[in-house]
Amino acid sequence: MQDKLLTIIVPTYNIEKYITKCIESFKEVNKDYYNEFEVIVVNDGSTDNSEKVISDLMLDSNLDLRVISKENGGHGSTINRGIEEAKGKYFKVIDGDDWINVDDFEKMINNLQNIDVDMAITNFTEQHVYNNTKVSINFNDELVRDKVVMDLPNRRIPMHALTYRTSILKDNSIKISEKTFYVDMEYTLLPLKYVKNYIYYNLDVYQYFLGRADQSMNINVMKEKYNHHNRVTRRILDLYAEIRENTKLEAVVSSALEYLINKQCLLFLVNDDKKSAYELFEYSDKSNFKYMLSKDSKTTGLLYINYKTKKIFNFIIEPMINKKVKKLGEDYAN
C-alpha cells in the first residue's frame, strides 16, 4: 500500500558514533514535508548501542521514523528488507553513516510530487573526512536536466544518486545478495531491465561519508573480502547473459563489467590466487561477455592473454605478472 511519496531506507550496523548525524539531518527537514516521506532504519544485528541511539533520537519528534531490527545479513539484506517494508511511491537508500543536504532534499520532494518516473537521479558529495575535503559529483555534462527521458543513461549511475520507483523493485522481485560486500553494483544494475524512463535533477541530496577504517571500500577490507567482490562480479555477468541483446543496457553493463573484472583480477593477484582469475575469465566467456584489453588494465590484460593462449607463453608472461604483483602488493601495503 502506497502511503507516502518517498521511503528512505537507512542500513545500520555498529555505527553508534555516526547515526545521529544521519537521523538529525532528516529531523531538520521542514515539518510540512513530514507526511511525504518515511525513514526506516534497518538495524542489521548491531552489537553496539546503535539501536538505543536511534530510539533516543525518535523522542519528541513527529518524523515518521521506525526501526526494524534483524539478524545480521549484510548491506544487501537491509535493502531487501527495506523493499518489503516500503510504503512510498519512491525508494532511496541513505546509509546510516551518511546524511542529506536538507535544502536539496526538500526540493527533491517538491519535484517528485509532480512527476511520474521509474528512476530519478540527483547529485551527491563525497565527504572525505580523513583529510577534510569534499568532492561534488554531478551529471550536468552528461544528462539533460528536469526533463523525463524515455531511455536509460549512457552509463551506470552510482547508488548514492539513485531514487527508484518502489514498484520497480517490488514487482520485479529485485533481491540484492546477502552476507556480501560490494552489492552497490547489483543495486544500480539489476533494476535497469525494468526502467523505461528517468529524470535528472541538479540537486546535491546525498552526503557520502568516506574515511572509516572499516568501510567496505577501504583497500585492506577489499583485499580481505575479495571473494565477496567475485560473487558480485559473477552475478553481473549473469545479468549480462540475460540482457546482451538489449543494445543500450548491454553497453551500460559491459562498461561496469570491464571495471569489475579488472578490479577483481587485481584483488586475486594481491591474494596470490591466479587460478581464480582464470576461472573468472572462463565464467565470463560462458556468459558471452568478451573482456576487452585496455591500456588502463595492463596487469589484468597479461592474465587474460595467458588465459586465451592456454598459457603457451607462460614462461614469458608469468614473470611479468609476478613483477607487477609485487608492485601491487607494495601499493596495497601503503
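Predicted, not measured: the structure shown is a model, and the values here were computed from it. (Residues numbered from 1 in each chain as written. Predicted model: local features only at pLDDT ≥ 70, side-chain atom pairs only at ≥ 80, totals over all residues. Heavy atoms only, no water.)

Novice: Just checking my understanding: could you explain the overall build of the protein for this structure?
Specialist: Helix and strand counts for the protein stand at 12 helices and nine strands. A compact globule built from 334 residues would reach a C-alpha radius of gyration of about 20 Å, and the protein, at 21 Å, matches this within 12%. Once the C-alpha set of the protein is aligned to its principal axes, its extents read approximately 70 × 45 × 35 Å. Among the 334 residues that make up the protein, the fraction classed as buried is 53%. The long-range fraction of contacts in the protein, counting pairs at least 24 apart against all pairs at least 6 apart in sequence, stands at 80%. A total accessible area of about 15,700 Å² is found for the protein, and carbon and sulfur atoms account for 47% of it. Placing the 46 positive and 50 negative side-chain charges of the protein at their respective mean positions leaves the two points 6 Å apart. (Helix = DSSP H or I, 4+ residues; strand = E, 2+ residues; numbered from the N terminus. Rg over C-alpha atoms; globule rule 2.2 N^0.38 Å. Buried < 20%, exposed > 50% of the residue type's maximum accessible area, 1.4 Å probe, protein only. Contact = heavy atoms within 4.5 Å. Areas by Shrake-Rupley, 256 points an atom, 1.4 Å probe, with all protein chains shown as cover. Lys, Arg positive; Asp, Glu negative; His and termini not counted. Charge placed at Lys NZ, Arg CZ, Asp CG, Glu CD.)

Novice: In this structure, what is going on with a positive patch on the surface? I would like to understand it.
Specialist: Residues Lys295, Lys298, Lys323 and Lys324 make up a contiguous surface patch of positive charge. One can find Lys295 in the loop between helix H10 (274-286) and helix H11 (298-308). (Patch = residues over 30% accessible without salt bridge, like charges linked within 9 Å, V, L, I, M, F, W, Y side chains within 5 Å. Salt bridge = Lys/Arg side-chain N within 4 Å of Asp/Glu carboxyl O.)

Novice: For this particular structure, what's the right way to read a nonpolar patch on the surface?
Specialist: A cluster of nonpolar residues, Ile312, Phe313, Phe315, Ile316 and Met320, forms a patch on the protein surface that exposes about 530 Å² of accessible area. By the secondary structure assignment, Phe315 is in helix H12 (residues 314-333).

Novice: Please clarify how the nonpolar core should be interpreted in this entry.
Specialist: In summary, soluble globular proteins display a tendency toward joint burial of nonpolar side chains. Counting residues in hydrophobic clusters, the biggest one holds 102 residues, and the most contacted among them are Phe26, Phe37, Phe105 and Ile121. Once residues lying within four places of it in the same chain are set aside, the contact partners of Ile121 are Phe139, Leu143, Pro153, Ile157, Ala161, Leu162, Tyr198, Ile199, Tyr200 and Tyr201. (Core = buried A, V, L, I, M, F, W, Y, C linked by side-chain atoms within 4.5 Å.)

Novice: Quick question: what am I supposed to make of the side chain of Thr163 here?
Specialist: Among the structural elements, Thr163 can be located in strand E8 (residues 162-165). For Thr163, a relative accessible area of 0% gives the class buried. Residues in contact with Thr163, not counting those within four places in the same chain, are Leu6, Tyr90, Phe91, Lys92, Met108, Asp118, Met119 and Ala120.

Novice: Sorry, what's going on with unusual backbone geometry here?
Specialist: Although it is not a glycine, Asp60 adopts a positive phi angle of roughly 55°. For Asp60, the location among the structural elements is in the loop between helix H2 (50-58) and strand E3 (65-70). Positive phi, normally seen in glycine, also occurs at Lys179, with a value near 50°. Checked against the element boundaries, Lys179 lands in the loop between helix H5 (166-171) and helix H6 (184-189). When its relative accessible area of 56% is taken as the criterion, Lys179 is described as exposed.

Novice: How do you make sense of the packing of helix H1 (residues 19-27) against H2 when you look at a structure like this?
Specialist: Here H1 crosses H2 at 25°, and the two axes come no closer than 10 Å. The angle between H1 and H2 falls in the class roughly parallel. Here H1 and H2 pass one another in a crossing that is right-handed. Of the residues in H2, those in contact with Ile19, Thr20, Ile23, Glu24 and Lys27 of H1 are Val53, Ile54 and Leu57. (Axes fitted to C-alpha atoms, helices over the stretch in contact; angles between N-to-C directions. Parallel < 35°, antiparallel > 145°, perpendicular 65-115°, else oblique. Left-handed = near helix turned anticlockwise from the far one by under 90°.)

Novice: How do you make sense of the pairing of strand E2 (residues 37-44) when you look at a structure like this?
Specialist: Of all eight residues in E2, eight are buried; the element is thus mostly enclosed. Alternating residues of E2 divide into Phe37, Val39, Val41 and Asn43 and Glu38, Ile40, Val42 and Asp44, and every residue in both groups is buried. As paired strands, strand E1 (residues 4-12) and E2 are joined by seven bridges and run parallel to one another. Each residue of the ladder has a partner; that of Val10, found in E2, is Val41. In this fold, the crossover linking E1 to E2 by way of H1 has right-handed handedness. Two elements, E2 and E3, share six bridges in a ladder whose sense is parallel. Looking at the pairing, Val41 lines up with Val67 of E3. Between the parallel elements E2 and E3, the chain passes through H2 in a crossover that is right-handed. (Pairing = 2+ DSSP bridges. Right-handed = clockwise from strand over helix to strand, strands pointing away.)

Novice: Can you help me understand the packing of H10 against H11 in this one?
Specialist: Geometry of a packed helix pair, given as the angle between the helix axes and the separation of the axes. Two numbers describe how H10 lies on H11: the axes approach to 10 Å, and their chain directions differ by 70°. Looking at the two axes, H10 sits roughly perpendicular to H11. Helix-helix and strand crossings are classified by hand; for H10 and H11 the assignment is right-handed. When H10 is examined against H11, the residues Ala277, Tyr278, Phe281, Glu282 and Asp285 are found in contact with a partner set consisting of Thr300, Leu303, Tyr304, Asn306, Tyr307 and Lys308. Considering only residue class, the contact of H10 with H11 consists of six nonpolar, two polar and three charged. (Nonpolar A, V, L, I, M, F, W, Y, C, P; charged D, E, K, R; others polar.)

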